[in-house]
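Working through the structure, step by step
Chain by chain, the residues run as shown.
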Amino acid sequence: LVGALLHSIPSMGYVGLMLLLHFYMFAVMGVFFFGKIDPANFGNLASAMLTLFQIVTLEGWVDVMQLQREAHPILAPAYFIFFNYANSFAE
């Protein structure tokens, strides 16, 4: 059992790299789409990554989406739902 865990460490690194790339891609899109509307959550790349981590844990993601939905009624739900959907398969 321990041997199998040790052999899976390189694969976990690849999964972590894929998740980091996924977060980066959505953080850049979030800053581009929502940066001027909500600078507290999407003002820069670091705050966008932190907001996306909050969304992945499903803590208050609907509240964050509602803030963006006022300016982008179709884009915001599509962005957040697709992000959650894609993360459910990545994890």
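Our subject is the structure listed above.
Calculation criteria
- Residues numbered from 1 in each chain as written.
- Predicted model: local features only at pLDDT ≥ 70, side-chain atom pairs only at ≥ 80, totals over all residues.
- Heavy atoms only, no water.
- Helix = DSSP H or I, 4+ residues; strand = E, 2+ residues; numbered from the N terminus.
- Expected span 1.5 Å × (residues − 1).
- Buried < 20%, exposed > 50% of the residue type's maximum accessible area, 1.4 Å probe, protein only.
- Lys, Arg positive; Asp, Glu negative; His and termini not counted.
- Salt bridge = Lys/Arg side-chain N within 4 Å of Asp/Glu carboxyl O.
- Polar contact = N/O pair within 3.5 Å; in protein donor to acceptor, adjacent residues only side chain to side chain.
- Contact = heavy atoms within 4.5 Å.
- Patch = residues over 30% accessible without salt bridge, like charges linked within 9 Å, V, L, I, M, F, W, Y side chains within 5 Å.
- Areas by Shrake-Rupley, 256 points an atom, 1.4 Å probe, with all protein chains shown as cover.
- Arc of directions from axis to C-beta.

Our focus in this paragraph is helix α2 (residues 9–34). Residues spaced three or four apart along an α-helix point in a common direction, a consequence of the helix completing one turn every 3.6 residues. Here α2 is 26 residues long and its end C-alpha atoms lie 36 Å apart, about the 38 Å a rise of 1.5 Å per residue gives. All of the buried residues in α2 are His22, Phe23, Phe26, Ala27, Gly30 and Phe34.

Now for the side chain of Asp38. Mapped onto the elements, Asp38 comes out in the loop between α2 and α3 (39–42). The side chain of Asp38 sits in the buried core without any salt bridge; Arg69 is the nearest counter-charge, 14 Å away. Of the polar contacts made by the side chain of Asp38, one reaches the side chain of Gln68; its length is 2.9 Å. In contact with Asp38, not counting residues within four places along its chain, are Gly43, Leu67 and Gln68.

Taken together, Val2, Leu6, Ile9 and Met12 make up a surface patch of nonpolar side chains, about 420 Å² in accessible area. Secondary-structure elements contributing two or more residues to the nonpolar patch are α1 (2–7) and α2. Residue position: Met12 is located in helix α2.

With that settled, consider helix α4 (residues 45–56). Between its terminal C-alpha atoms α4 stretches 16 Å, which fits the 16 Å expected from 12 residues at 1.5 Å a residue. What α4 keeps buried is the set Ser47, Ala48, Thr51, Leu52 and Ile55. For α4, the angular spread of buried residues about the axis comes to 140°, placing them on one side. Turned more than 90 degrees away from the buried face of α4 sit Ala46, Leu50 and Phe53, all of them exposed. Structurally, the start of α4 carries an N-cap: the backbone nitrogen of Ala46 is 3.4 Å from a side-chain oxygen of Asn44. Where α4 ends, the next residue or the one after it, Leu58, has phi of about 60°, a positive value.

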